[in-house]
Every structure is written in C-alpha cells, then in structure tokens.
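Here are the chains, one letter per residue:
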Amino acid sequence: MKIITIATQKGGAGKTTLATNLATASAKAGHLTLIIDADSQKTALDWFNKRDNQENPLVIAAENQEKLQNLLNLAEQKGIERIFIDTQGAAAELVNFAMLKADFSLLPCSAGGFDVGAQRTTAAALLQLKKQGAFVITKATTRGQELAETRAILHGLGLPISEHKTTFLKAYKDAAVFNSSVIELEPNGKAAAEITKLFEWLEIKLKKNPLLDQLQQG
Ligand SMILES: Nc1ncnc2c1ncn2[C@@H]1O[C@H](COP(=O)(O)OP(=O)(O)OP(=O)(O)O)[C@@H](O)[C@H]1O
Ligand SMILES: [Mg+2]
C-alpha cells in the first residue's frame, strides 16, 4: 500500500482537483484506490457521494488523527493499494500527520496567485519530517515568464519540483461540476494526458528507494 498526501496551506491551489483526478488515474491503472478526505470542507467526499461510479476510487472522511490512523490500518488489511489523502488549506496538526504517514507528498502550487509564505510553511513542515515530496505546479497559463518565475521561487524552498504540471483548462472545472474526473470526462483531452503523465511520474517516485534521493542530494 502506498500513501500519497496532497497538502499546501494555500487555499484553492488544486489539492482536491489533484486528489480526485490522480485517484481516478490510479483506479484506471488497476489499483484499488481510496481517497481519505481529511479536510473539514469535505469537498472530495461530496464529489464521491454524487458519483455514479462508487466502485473505485472510494472516498471516506477522517476528521482527526485517530480516525486517519484507523483508516490506514484497515485499508492495509483490506488490500487497498493506493491512498490519496486530501487535506485542508491550513497549517494543522492533521496535515502534518498525513504528511508523516505518506510515502510521498505532493504540494500543489498555482502558477498564478502565488503565495511564497504558504508554500514555504508546508515545504518546511515536510522537510522537518524528513519525508519525500515535491511541488506540482497547477493552473499554468501560456505566459511562460509566470511559470519560470514560479519555478525560480519554488527552487529556493528545498523541495524538488515535478516536471509535470497541470495547465489552466476548463476540463478540470467541468470534471468537478459533474462529479467526474478529466480522464472520465475527456479521456483523449489535454487534461487527461497531464494527469496520466503526473500519475506515471508519481508511480516511479513511489517505487524508488527514498535513500537514493538523499544520497543524490549529498
Ligand atoms: N488546472 C486547473 N485548471 C483550471 N481550474 C483548476 C485547475 N486546477 C484546479 N482548478 C480549479 O480551481 C479551484 C480550486 O481547486 P481545488 O478545489 O482543487 O483547490 P484546493 O486546494 O482543494 O482548495 P481548498 O484549499 O479550498 O481545499 C476549483 O474550482 C478547481 O476546479
Ligand atoms: Mg480542497
């Protein structure tokens, strides 16, 4: 079982969008997949409750550490293969606990409304836990300079940046509105291709021994 936590203190950066879409990619790849909604807004749970497909991925909420730990134990027993933990847009004990439990954390950072302070806090928390993770740039536009600036600032925060990003596409919003995912809604679209690439990159990260990164970083 592999656990992926999606966290950033910055609200609206694309956490739930990544959680629902990557979990759908994971299900499509044949993994029994669970989203744990650890955000009190319960956006992912709402998404699930209105879906036709409630087979895979599954979604369940965890309001506190005890519930989250119990769910992780149960999921392991039940043969769940991938868990995506969606977290709230705030610095909170539960978010840190979710990052501690994760094999890999994704920190979405929107290319537009950039907020270094919020990114720095989440990245610092992950580094302090000595856990693996990376930034994922979301909602990138065709303005190349904006992307370059975002990358430059993130580079200083001590975490790798995924070479895969999401661009600003209507398909992501439509998928949310229809309680779907970009892969289900537009399987041959650009957003589906982005999510598939990001998921494949994540799978490679999950298979890698974390020691290698530490050795490479000197
Ligand atoms: N690549 C994208 N292109 C266009 N819209 C996007 C993209 N990614 C996310 N969005 C939209 O941005 C909004 C915020 O995304 P989302 O809800 O995933 O953020 P969040 O980090 O989970 O927010 P919160 O902190 O409130 O939980 C949503 O309306 C979503 O549809
Ligand atoms: Mg959310």
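Here the structure is shown first, and the text comes after it.
Numbers given to residues run from 1 along each chain, matching the order in which its sequence is written. Key to labels: chains lettered from A, ligands numbered from 1, both in the order written. Reporting in this predicted model follows two pLDDT cut-offs: at least 70 for local features of residues, and 80 or more for side-chain atom pairs to be given and counted; totals over whole chains, interfaces and linings ignore these cut-offs and use all residues. Here the side-chain values reflect all heavy atoms present in the structure, with hydrogen atoms and water set aside.

A. Geometry of the packing of aromatic side chains. Note on aromatic pairs: the rings of Phe, Tyr and Trp (six-membered ring only in Trp) are paired at centre separations within 6.5 Å, and the planes decide the class, stacked below 30 degrees, edge-to-face beyond 60, tilted for the rest. One pass over the full model with this rule turns up one aromatic pair. Judged by centre distance (5.9 Å) and plane angle (85°), the ring pair of Phe104 and Trp201 falls under edge-to-face. Of this pair, Phe104 sits in strand β5 (residues 104-110) while Trp201 is found in helix α9 (residues 190-207), placing the two residues 97 residues apart along the sequence. Residue Phe104 is classed as buried on the basis of its relative accessible area, which comes to 3%. Put simply, DSSP H or I for four residues or longer makes a helix, DSSP E for two residues or longer makes a strand, and each gets a number counted from the N terminus. Think of it in three bands: with a 1.4 Å probe and only protein chains considered, a residue is buried below 20% of the maximum accessible area for its type, exposed above 50%, and partly exposed in between.

B. Structural context of the site of ligand 1. The near set for a molecule or strand comprises every residue that places at least one heavy atom within 4 Å of it. Neighbouring ligand 1 are 17 residues; Gly12, Lys15, Thr16, Thr17 and Thr167 lie closest to it. Pairs of N or O atoms within 3.5 Å make up the polar contacts considered here, provided that, within protein, one atom can donate a hydrogen while the other can accept it, and that residues adjacent in sequence are counted only when both atoms are side-chain atoms. Within the backbone of Ala13, one N or O atom sits 3.1 Å away from an oxygen atom of ligand 1. In the model, an oxygen atom of ligand 1 is placed 3.0 Å from a nitrogen or oxygen of the Gly14 main chain. What sets the accessible areas is the Shrake-Rupley method with a 1.4 Å probe; for residues, cover comes only from the shown protein chains. Protein contacts shield 83% of the accessible area of ligand 1, which totals 630 Å² for the unbound molecule. Because more than half of its atoms lie within 2 Å of the grid, ligand 1 is assigned to the largest pocket. Broken down by secondary-structure element, the contributors of at least two residues to the shell around ligand 1 are α1 (15-28) and α7 (170-177). Take the shell around ligand 1: its biggest share by element is three residues, from α1. Cavity means a closed set of points on a 1 Å grid over the protein atoms alone, one where a 1.4 Å probe fits but cannot get out, pocket means an open set with protein on both sides within 12 Å along at least 5 of 7 lines, and lining means a residue has an atom within 4 Å of a point. Think of it this way: a molecule belongs to a cavity or pocket when more than half its atoms come within 2 Å of the grid points there.

C. The arrangement of the layout of surface pockets in detail. Grid points are joined across faces, edges and corners, and a volume is the space filled by probe spheres set on the points. Looking at the largest pocket, its volume works out to about 490 Å³. In terms of lining residues, the largest pocket is bounded by 23 residues, among which Gly12, Ala13, Gly14, Thr17 and Lys139 are the most central. Taken together, the elements giving at least two residues each to the lining of the largest pocket come down to α1, β4 (82-87) and α7. The element contributing the most residues to the lining of the largest pocket is α1, with four residues. For this scheme, ten residues count as nonpolar: Ala, Val, Leu, Ile, Met, Phe, Trp, Tyr, Cys and Pro. Four count as charged, namely Asp, Glu, Lys and Arg, and the remainder, Gly too, count as polar. Taken together, the residues that form the lining of the largest pocket break down as six nonpolar, twelve polar and five charged.

D. Spatial organisation of α1. Spanning 14 residues, α1 covers 20 Å between terminal C-alpha atoms, matching the ideal 20 Å at 1.5 Å per step. With twelve of 14 residues buried, α1 is to be regarded as a mostly interior element. Three or more residues of α1 are buried, namely Lys15, Thr16, Leu18, Ala19, Thr20, Asn21, Leu22, Ala23, Thr24, Ala25, Ser26 and Ala27. Looking at the residues trailing α1, positive phi occurs at Gly30, about 100°. Expected span of a helix: the number of residues minus one, times 1.5 Å.

In short, shape yes, function no, at least from these values alone.
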